[in-house]
Amino acid sequence: MAKTVYVCTGGCGGKVSEEEYKAGKTTCGTEGCPLFGHPFVKRLECEVCGALYQENEEHGHKD
């Protein structure tokens, strides 16, 4: 099973839930991150192993 999250791809590890994203946390807020101030990217997070992947990618765990 997977849930929608939004992540920073700049290496800081920033991640927000779908609820936080909808509430206005839409950009990286980690000073020093190369993508500070840039929009988060939508990903799916496996609730079994924590892997992040895109909606069009296959993942080993089945719902």
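Not measured: the values here are computed from a predicted model. The residue numbers shown here count from 1 along each chain, following its written sequence. Residue-level local features of this predicted model are given only where pLDDT is at least 70; pairs of side-chain atoms are given and counted only at 80 or more, and the full residue set underlies all totals for whole chains, interfaces and linings. As a convention, hydrogens and water are excluded, and side-chain values are obtained from all of the structure's heavy atoms.

Visitor: Just to check I follow, could you spell out the overall build of the chain for this structure?
Guide: Helix numbers and strand numbers start at the N terminus; a helix is a DSSP run of H or I with at least 4 residues, a strand a run of E with at least 2. Each helix and strand counted, the chain has 1 helix and 4 strands in total. Put simply, the chain runs from its N terminus to its C terminus through helices and strands in the order β-β-α-β-β. Along the three orthogonal principal directions, the C-alpha set of the chain runs to about 35 × 25 × 20 Å. Across the 63 residues of the chain, 25% fall into the buried class. Should any heavy atoms of two residues lie within 4.5 Å, those residues are counted as being in contact. Long-range contacts, defined as pairs at least 24 residues apart, comprise 45% of the intrachain contacts of the chain with a sequence gap of at least 6. For the chain, the exposed surface amounts to about 4,300 Å²; the carbon and sulfur share of it is 48%. Under this rule, positive means Lys or Arg and negative means Asp or Glu; His and the chain ends count for nothing. Throughout, a charge is located at the NZ atom of Lys, the CZ atom of Arg, the CG atom of Asp or the CD atom of Glu. Here the chain holds 7 positive side-chain charges and 10 negative ones, and the gap between their average locations is 1 Å. The buried label applies to any residue whose accessible area, calculated with a 1.4 Å probe on protein chains only, is under 20% of its type's maximum; exposed applies above 50%, and partly exposed to all values in between. Surface exposure here means Shrake-Rupley accessible area, sampled with a 1.4 Å probe, where a residue is shielded only by the protein chains that are shown.

Visitor: In this structure, what is going on with the nonpolar core? I would like to understand it.
Guide: Generally speaking, a soluble globular protein has its nonpolar side chains buried in company with each other. Nonpolar core, defined: a set of buried Ala, Val, Leu, Ile, Met, Phe, Trp, Tyr and Cys residues in which side-chain atoms within 4.5 Å join the residues together. Listed in full, the 6 residues of the largest apolar core are Tyr6, Cys8, Val16, Cys28, Cys33 and Phe40. Setting aside chain neighbours within four positions, we find Val16 in contact with Val5, Tyr6, Tyr21, Lys25 and Phe40.

Visitor: Sorry, what's going on with the environment of Gly11 here?
Guide: Along the chain, Gly11 turns up in the loop between β1 (2-7) and β2 (15-17). Here Gly11 falls in the exposed class, since its relative accessible area comes to 74%. Put simply, Gly11 and Cys33 are 22 residues apart on the chain and 7.0 Å apart in space, counted from C-alpha to C-alpha.

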